[in-house]
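Chain by chain, the residues:
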Amino acid sequence: MPSLKSHVVSFVLRHSRKKAFSSPQNLQRWIAAARKREDHHPPASLHRRFNIGTSTVDGFPVYEIAPRSGVRKRILYLHGGAYVFEITPYHWHLIADMAGRLGYGITVPIYPIAPEHDFHAMFGMVGDVYRQMLDETEAKDIIFMGDSAGGNMAVVLTMMAAEEALPLPSRHVLISPGLDMSLANPAVFEAERNDPWLGIPGGLEAIRMYSAGIDRDDWHISPLYGDLSVLPKTLLLTGSRDLLTPDNLVFAEKARAAGVDIEVVYEEGMFHVWPLIDMPESRRARQHIVAFLGGETKTSRSWTAGWSLQRQPAT
């Protein structure tokens, strides 16, 4: 059974954030309100725990959480927010947890978001961040991690790097990623009814604002339709109450068929990006991430679709 806290969070989301995605007009209103209060700076608690450097790339801030002495590995963290919302304290707390437990350096670009900017500005900036990382760190020591829209960006960025013949990251960690914006899978419409957070009308408006006129079934917007064979070893976390999950499971099957070593953590009862929220299910998810990136061994069992699935026990 999902934890009591997860039920409380689901209730709050359904009666608050769900409204933002219920219509294009509501999403626009939420964006306008968000711009008045958004603050991309890391919370003071992170500055007390870590050395944090700041630079700019293409005029946008990039934060660097320094690795522990002697650790070479680095994570490029791409935050979610439907391409239209800024990084939040929830993202920073996850980033801090990963930095503390893994000791890796973490690079956090505050990339340009829509509607003020579009796909080309976003990927122009994060592409330049990645090129700078490659100047300093070998690709085998670089990991892409992203949640929601950031998970989409991680996959698309790898595909774009492959097209440019750049060295590719060694691993992906994708938390509730959005991998197919085409709505070609009818299962997403049923999933929307059970999702306490996301909605299709607002989601489509976010895609319209950021996609720069690129078709929704183009792999630059929906990487499910790209060359999955270029992807590195991948951990994908997805929950049963997330409208993105049906496409995430299709993505995992296709990636496996393309030769990608992919592990899926599927959590019953969980909503979109639940690992960002402090609750028992989140702690389990974060332990999976640490194990995946830290090389710890853990048992897994195969699922009938042919990819590794970690189906979570009751809380």
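Look a little higher up for the structure.
Keep in mind it's a predicted model, so treat the numbers as computed, not measured. (Residues numbered from 1 in each chain as written. Predicted model: local features only at pLDDT ≥ 70, side-chain atom pairs only at ≥ 80, totals over all residues. Heavy atoms only, no water.)

(A) Seen up close, the overall build of the chain. What the chain contains, in helices and strands, is 11 helices and 10 strands. For the chain, the C-alpha radius of gyration of 18 Å lies close to 20 Å, the compact-globule estimate for 315 residues. Over its C-alpha atoms, taken along the principal directions, the chain stretches across nearly 45 × 45 × 40 Å. By sequence separation, contacts in the chain at least 24 residues apart represent 77% of the contacts at least 6 residues apart. On the chain, roughly 12,900 Å² of surface is accessible, and the fraction owed to carbon and sulfur atoms is 54%. Distance from the positive charge centre (32 side chains) to the negative charge centre (35 side chains) of the chain: 8 Å. (Helix = DSSP H or I, 4+ residues; strand = E, 2+ residues; numbered from the N terminus. Rg over C-alpha atoms; globule rule 2.2 N^0.38 Å. Contact = heavy atoms within 4.5 Å. Areas by Shrake-Rupley, 256 points an atom, 1.4 Å probe, with all protein chains shown as cover. Lys, Arg positive; Asp, Glu negative; His and termini not counted. Charge placed at Lys NZ, Arg CZ, Asp CG, Glu CD.)

(B) Broad picture of helix α10 (residues 245-257). In this model α10 runs 18 Å from its N-terminal to its C-terminal C-alpha over 13 residues, within 8% of the 18 Å that 1.5 Å per residue would give. Within the sequence span of α10, burial applies to Thr245, Pro246, Asp247, Asn248, Leu249, Phe251, Ala252 and Ala255. Each element contacted by the buried residues of α10 is listed here: α7 (149-163), β6 (171-175), α8 (187-194), β7 (233-239) and β8 (262-267). Looking one or two places after α10, you find glycine 259, whose phi comes out positive at around 95°. (Expected span 1.5 Å × (residues − 1). Buried < 20%, exposed > 50% of the residue type's maximum accessible area, 1.4 Å probe, protein only.)

(C) Highlighting the packing of helix α5 (residues 89-102) against helix α11 (residues 280-294). Where α5 meets α11, the closest approach of the two axes is 11 Å, and the angle between their N-to-C directions is 45°. Here α11 runs oblique to α5, going by the angle between their axes. The chirality of how α5 crosses α11 is right-handed. Together, His93, Leu94, Asp97, Met98, Arg101 and Leu102 of α5 and Arg286, Gln287, Ile289, Val290, Leu293 and Gly294 of α11 make up the contact between the two elements. Residue classes in the contact of α5 with α11 are distributed as six nonpolar, three polar and three charged. (Axes fitted to C-alpha atoms, helices over the stretch in contact; angles between N-to-C directions. Parallel < 35°, antiparallel > 145°, perpendicular 65-115°, else oblique. Left-handed = near helix turned anticlockwise from the far one by under 90°. Nonpolar A, V, L, I, M, F, W, Y, C, P; charged D, E, K, R; others polar.)

(D) Local environment of the nonpolar core. Membership of the largest hydrophobic core comes to 105 residues, with the highest contact counts inside it found for Phe251 and Leu293. The contacts of leucine 293, once residues within four sequence positions are left out, are Lys73, Ile75, Leu102, Tyr104, Ile143, Met145, Arg171 and Val173. (Core = buried A, V, L, I, M, F, W, Y, C linked by side-chain atoms within 4.5 Å.)

(E) Spatial organisation of a nonpolar patch on the surface. A grouping of Leu4, Val8, Phe11 and Val12 is seen on the molecular surface, where their side chains present a nonpolar patch of about 430 Å² in accessible area. Considering the arrangement of structural elements, one finds valine 8 in helix α1 (residues 4-14). (Patch = residues over 30% accessible without salt bridge, like charges linked within 9 Å, V, L, I, M, F, W, Y side chains within 5 Å. Salt bridge = Lys/Arg side-chain N within 4 Å of Asp/Glu carboxyl O.)

(F) Region of the structure containing the packing of helix α6 (residues 119-136) against α7. Two elements in contact, α6 and α7, have axes whose closest approach is 11 Å; the angle formed by their N-to-C orientations is 70°. Relative to α7, α6 is oriented roughly perpendicular. On the side of α6, the interface is formed by Phe119, Met122, Phe123, Val126, Gly127 and Tyr130, while α7 contributes Met153, Val156, Leu157, Met160 and Ala161. Its residues assigned to classes, the contact of α6 with α7 comprises 10 nonpolar, one polar and no charged.

(G) Main features of the environment of methionine 270. As for its position among the elements, methionine 270 is in the loop between β8 and α11. You can call methionine 270 buried: its relative accessible area is 0%. Note: C-alpha distance between methionine 270 and serine 55 (215 residues apart in sequence) is 36 Å. Filtering out sequence-adjacent residues up to four positions away, methionine 270 remains in contact with Pro2, Ser6, Gly239, Ser240, Arg241, Asp242, Met279 and Glu281.

(H) Representation of the pairing of β8 within the structure. β8 sits mainly inside the fold: six of its six residues count as buried. Side chains Ile262, Val264 and Tyr266 of β8 all project onto a buried face; the interleaved residues Glu263, Val265 and Glu267 project onto the opposite face, where all are buried too. Summarising the sheet, β7 and β8 pair through six bridges and their orientation is parallel. By the bridge assignment for β8, leucine 235 is matched with glutamate 263. The handedness of the β7 to β8 crossover, carried by α10, is right-handed. (Pairing = 2+ DSSP bridges. Right-handed = clockwise from strand over helix to strand, strands pointing away.)

(I) Quick peek at the packing of aromatic side chains. Tallying each qualifying case throughout the model produces five aromatic pairs. Pairing tyrosine 63 with tryptophan 92 gives two aromatic rings, centres 5.5 Å apart and planes at 80°, and the pair type is edge-to-face. Here tryptophan 92 lies in helix α5 and tyrosine 63 lies in strand β2 (residues 60-65), a separation of 29 residues in the sequence. We note that tyrosine 63, like tryptophan 92, is buried. A centroid spacing of 4.6 Å and a plane angle of 35° characterise the contact between phenylalanine 119 and phenylalanine 123, whose relative ring orientation is tilted. You can see phenylalanine 119 and its partner phenylalanine 123 sitting in helix α6, four residues apart, about one turn around the helix. (Phe/Tyr/Trp six-rings, centres within 6.5 Å; stacked < 30°, edge-to-face > 60°.)

(J) Spotlight on the environment of glycine 239. Structurally, glycine 239 can be placed in strand β7. According to the relative accessible area criterion, glycine 239 is buried, its value standing at 0%. Sequence spacing of glycine 239 and threonine 88 is 151 residues, and the spatial spacing of their C-alpha atoms is 21 Å.

(K) Spatial organisation of the pattern of salt bridges. Scanning all chains against the criterion turns up 15 salt bridges. Note that aspartate 141 and arginine 72 form a salt bridge whose closest N and O atoms lie 3.4 Å from each other. Of this pair, aspartate 141 sits in the loop between α6 and β5 (142-147) while arginine 72 sits in the loop between β2 and β3 (74-78), and the two are 69 residues apart along the sequence. Taking relative accessible area as the criterion, aspartate 141 reaches 6% and is therefore assigned buried. Its salt-bridge partner being glutamate 205, residue arginine 208 comes within 2.7 Å of it at the nearest N-O pair. Taken together, the positions of arginine 208 and glutamate 205, both in helix α9 (residues 200-210) and three residues apart, correspond to about one turn of that helix. If you follow the salt bridges from partner to partner, you end up with Arg35, Glu38 and Glu116 in one network.

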